[in-house]
Amino acid sequence: MRRTVFFAILIFSYTLIHAQKVKTGIEVLQKSNFNSLNSKRVGLITNPTGVNSELKSTVDILFEASNIELVALYGPEHGVRGDYSAGDKVEFFTDPKTKLPVYSLYGKNKKPSAEMLKDVDVLVYDIQDIGSRSYTYISTLGLAMEAAAENNIKMVVLDRPNPLGGLKMEGVITEPDFISFVSQFPIPYVHGLTVGELAELLNGEKLLKDGVQCDLEVIKMDGWQRTMTFEETGLPWIPSSPHIPHAHSSYFYPVSGILGELYVYNIGVGYTLPFQLFAAEWIDADSLANNLNALKIEGILFRPVHFKPYYSVSKGKMVHGVQVHFTDYMKAPLSLIQFYILQEAYALWPKHNVFELCSESRISMFDKVSGSDKVRKEFTKNWQVADIEKMWYKDIPQFRKIAGKYFIY
């Protein structure tokens, strides 16, 4: 009897902890009977992450709504149905379920053309972001806003949580010469905004091309707070891309994503722990882990690892390195961790200079994702994080002040 009661309490407690606390933009829109879209012809930018809490696709929700007409779909990187790999060009096709045209925003056109928007009154965006500037869905968002402004179409953003929370902000603001699809706007690498807040900031600060502003409405979430981790929302996590399979994967993306652009270290992509690992054939795992743990970086511990990647960098070869473990996520300096890796690896194996081991084009990508080449140039003078730390955070106080004007939560 006692055992039964214990397990009943345990199950009840688990249910309470994991009960849905947040309603996303699509659920708030559903509850309003699609009031913002009433009697409109709608174009939808989405992917598999666009679902409600019962995992029903936003595509199907809008298609079945009786008071609106869904007329077109638009696919970002990885496609509307998630059937493209990273970097693969997405082609035009007809959605087999709805028979609607699906236009690619990750191919010849990254921005909707006038032709793509000819039958659309309102352009709706519903995609789960992961909080880092180089993740291309927010680039798609901004370009869509530009297209909406240029074609006199209303833009509606269905808001979703920032899985990194709304407090962390890290990295230099992208310099003008380094604007690209992986750093489309002058914002920090870890920006601390929901997609709705980011849309408001881009619009309000005239950060879109030529300072255009669109007719923007954000359908805000109900119940989200800036201190929340994604797990605390009670929402289901849908892999936002193949290498972000879990909500906590988004915590690790800024930890290694910049260094990963060099294709010298395996960062867990091609193995079972994407973005959580740093490994190469020449590394002595114990030495690197010992050096890194001796730094006593807040919120982080490093564990020696050895593995053979199934694909990507060093495919099929035994590599050695470290796995990153969070002990206190809120205190951890996410995006500087990869520079600490470079610092200690260079101290141990100076002959293995990653910027000499990679192709020149990869250095260009490293700089674009960093938002500037100044970070790399200053760091490689002495290979010390202390030399770039002030630079890395110099833009944050001013950005936080500006961003605060657009906080919805």
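This is a predicted model, so every value here is computed, not measured.

A. Inspection of the pattern of salt bridges at higher detail. Scanning the entire structure with this criterion turns up 17 salt bridges. A salt bridge links Lys 56 to Glu 64, with the nearest nitrogen and oxygen atoms 2.6 Å apart. The closest approach of N and O atoms between Asp 367 and Arg 376, which form a salt bridge, is 2.9 Å. Bridged by salt links that share partners, the residues Lys 111, Glu 146 and Glu 150 form one connected network.

B. Representation of the environment of Leu 273. In this structure, Leu 273 sits in the loop between helix H6 (249-260) and strand S8 (277-280). Through-space distance from the C-alpha of Leu 273 to that of Ile 244 is 9.7 Å; in sequence the pair is 29 residues apart. Residues within four places of Leu 273 in sequence aside, it is in contact with Ile 267, Gly 268 and Gln 323.

C. The packing of aromatic side chains, seen in detail. In this structure the tally under the stated criterion is 20 aromatic pairs. On the numbers, 5.5 Å between centres and 25° between planes, the contact of Tyr 74 with Tyr 103 is stacked. Residue Tyr 74 is located in strand S2 (residues 69-75), and its partner Tyr 103 is located in strand S4 (residues 101-104); the two are separated by 29 residues in the primary sequence. Classification of Tyr 74 by relative accessible area gives buried; the value is 0%. Of the aromatic side chains, those joined through ring pairs into one cluster are Phe 339, Tyr 346, Phe 355, Phe 366, Phe 379, Trp 383 and Trp 392.

D. Expanded view of the confidence of the model for the protein. On average, the protein scores 93 in pLDDT, and the residues at 70 or more come to 93%. Every residue in residues 5-16 is under pLDDT 50, and counting partners more than four places away or in other chains gives 0 contacts.

E. Main features of the nonpolar core. The biggest cluster of nonpolar side chains holds 104 residues, and the ones touching the most others in it are Tyr 74, Met 155, Tyr 265, Phe 278 and Phe 339. A per-element tally of this core places helix H4 (residues 137-150) first, with 8 residues. In this structure Tyr 265 touches Leu 259, Phe 278, Ala 279, Trp 282, Ile 283, Val 313, Ile 341, Leu 342, Ala 345 and Val 354, once residues within four positions along its chain are discounted. By size, the runner-up hydrophobic cluster in this structure holds 21 residues, among which are Ile 68, Val 80, Val 122 and Leu 158.

Parameters at a glance
Residues numbered from 1 in each chain as written. Predicted model: local features only at pLDDT ≥ 70, side-chain atom pairs only at ≥ 80, totals over all residues. Heavy atoms only, no water. Salt bridge = Lys/Arg side-chain N within 4 Å of Asp/Glu carboxyl O. Helix = DSSP H or I, 4+ residues; strand = E, 2+ residues; numbered from the N terminus. Contact = heavy atoms within 4.5 Å. Phe/Tyr/Trp six-rings, centres within 6.5 Å; stacked < 30°, edge-to-face > 60°. Buried < 20%, exposed > 50% of the residue type's maximum accessible area, 1.4 Å probe, protein only. pLDDT = per-residue confidence, 0-100. Core = buried A, V, L, I, M, F, W, Y, C linked by side-chain atoms within 4.5 Å.

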